[in-house]
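# What the coordinates show
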Amino acid sequence: MVKHIFMIGVPKESGSNLHMRIISELSKNIMRNAWKESFMNAASADEALEILKLIEKEVI
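In this report, the structure presented in the accompanying data block is examined. Each chain has its residues counted from 1, following the order in which its sequence is written. Per-residue local features of the predicted model are confined to residues with pLDDT of at least 70, and side-chain atom pairs are confined, for both listing and counting, to 80 or more; whole-chain, interface and lining totals are unaffected and use all residues. The basis for every side-chain value is the complete set of heavy atoms in the structure, and neither hydrogens nor water enter the calculation.

### Focus on a nonpolar patch on the surface
Taken together, I8, V10, M20 and I23 make up a surface patch of nonpolar side chains, about 290 Å² in accessible area. Segments assigned H or I by DSSP are reported as helices when at least four residues long, segments assigned E as strands when at least two residues long, and all are numbered from the N terminus. Looking at where V10 falls in the secondary structure, it is placed in the segment before α1 (18–31). Each patch is built from residues that are more than 30% exposed by relative accessible area and take part in no salt bridge. Like charges join if they lie within 9 Å; nonpolar side chains (Val, Leu, Ile, Met, Phe, Trp, Tyr) join within 5 Å. Throughout, the Shrake-Rupley method with a 1.4 Å probe supplies accessible areas, and for residues the shown protein chains are the sole cover considered. For salt bridges, the criterion is a side-chain nitrogen of Lys or Arg within 4 Å of an Asp or Glu carboxyl oxygen.

Printed below as a string of structure tokens:
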């Protein structure tokens, strides 16, 4: 059963591999139980977004 779907959009001028770096960081975090649990137990969409923004800080 699918619980979450991630859509990744990057600006055209950001370079050709930014989306791959985002996918890589997301994959690493999903493998970490603490991160996965905090994301899965987010009380709201805003809380889930804040958790995802931590990945953005790692990539950019």
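Here the narrative resumes, following the displayed structure.
### Details of the environment of L18
Note on placement: L18 falls in helix α1. Three labels apply to residues, based on accessible area from a 1.4 Å probe with only protein chains included: buried if under 20% of the type maximum, exposed if over 50%, partly exposed otherwise in between. We classify L18 as buried; its relative accessible area is 9%. A C-alpha to C-alpha distance of 25 Å links L18 and A34, two positions 16 residues apart in sequence.

### What to know about helix α3 (residues 45–59)
With 15 residues, α3 should reach 21 Å at 1.5 Å per residue; the first-to-last C-alpha distance of 21 Å fits that figure. Buried within α3 we find A48, I51, I55 and V59. Projection of α3 onto a plane perpendicular to its axis shows the buried side chains occupying an angular sector of 110°, all on one side. Of the exposed residues in α3, those oriented more than 90 degrees away from the buried face are D46 and K57. On its buried face, α3 sits against α1 and α2 (33–40). Here a helix's expected span is defined as the number of its residues, less one, multiplied by 1.5 Å. Here, the arc refers to the directions that run from the helix axis to the C-beta atoms. Throughout, a residue-residue contact means that at least one pair of heavy atoms, one from each residue, lies within 4.5 Å.

### Structural notes on the packing of α1 against α3
Where α1 contacts α3, the two axes come as close as 9 Å, and the packing angle between them is 125°. One way to sum up the angle between α1 and α3 is to call them oblique. Two packed elements cross with a definite hand, and for α1 against α3 that hand is right-handed. Facing α1, whose interface residues are L18, R21, I22, E25, L26 and N29, α3 presents L52, I55, E58 and V59. The nonpolar class holds Ala, Val, Leu, Ile, Met, Phe, Trp, Tyr, Cys and Pro. Asp, Glu, Lys and Arg form the charged class, and all remaining residues, Gly among them, are polar. Looking at the contact of α1 with α3 residue by residue, the classes come out as six nonpolar, one polar and three charged. Note on geometry: axes are C-alpha line fits, over the in-contact stretch for helices, and angles between N-to-C directions span 0 to 180 degrees. Roughly parallel here means an angle under 35 degrees, roughly antiparallel means over 145, roughly perpendicular means 65 to 115, and every remaining angle is called oblique. Working rule for handedness: look at the near helix, and if it is turned counterclockwise from the far one by less than a right angle, call the crossing left-handed; if clockwise, right-handed.

### Some remarks on α1
An α-helix turns once every 3.6 residues. As a result, residues three or four positions apart point the same way. Look at α1: 20 Å from first C-alpha to last across 14 residues, which is about the 20 Å you get at 1.5 Å a residue. Residues of α1 that are buried include every one of L18, E25, L26 and N29, and no others. End-on, the buried residues of α1 take up no more than an arc of 100°, which puts them together on one face. Considering only its buried residues, α1 is in contact with α2 and α3.

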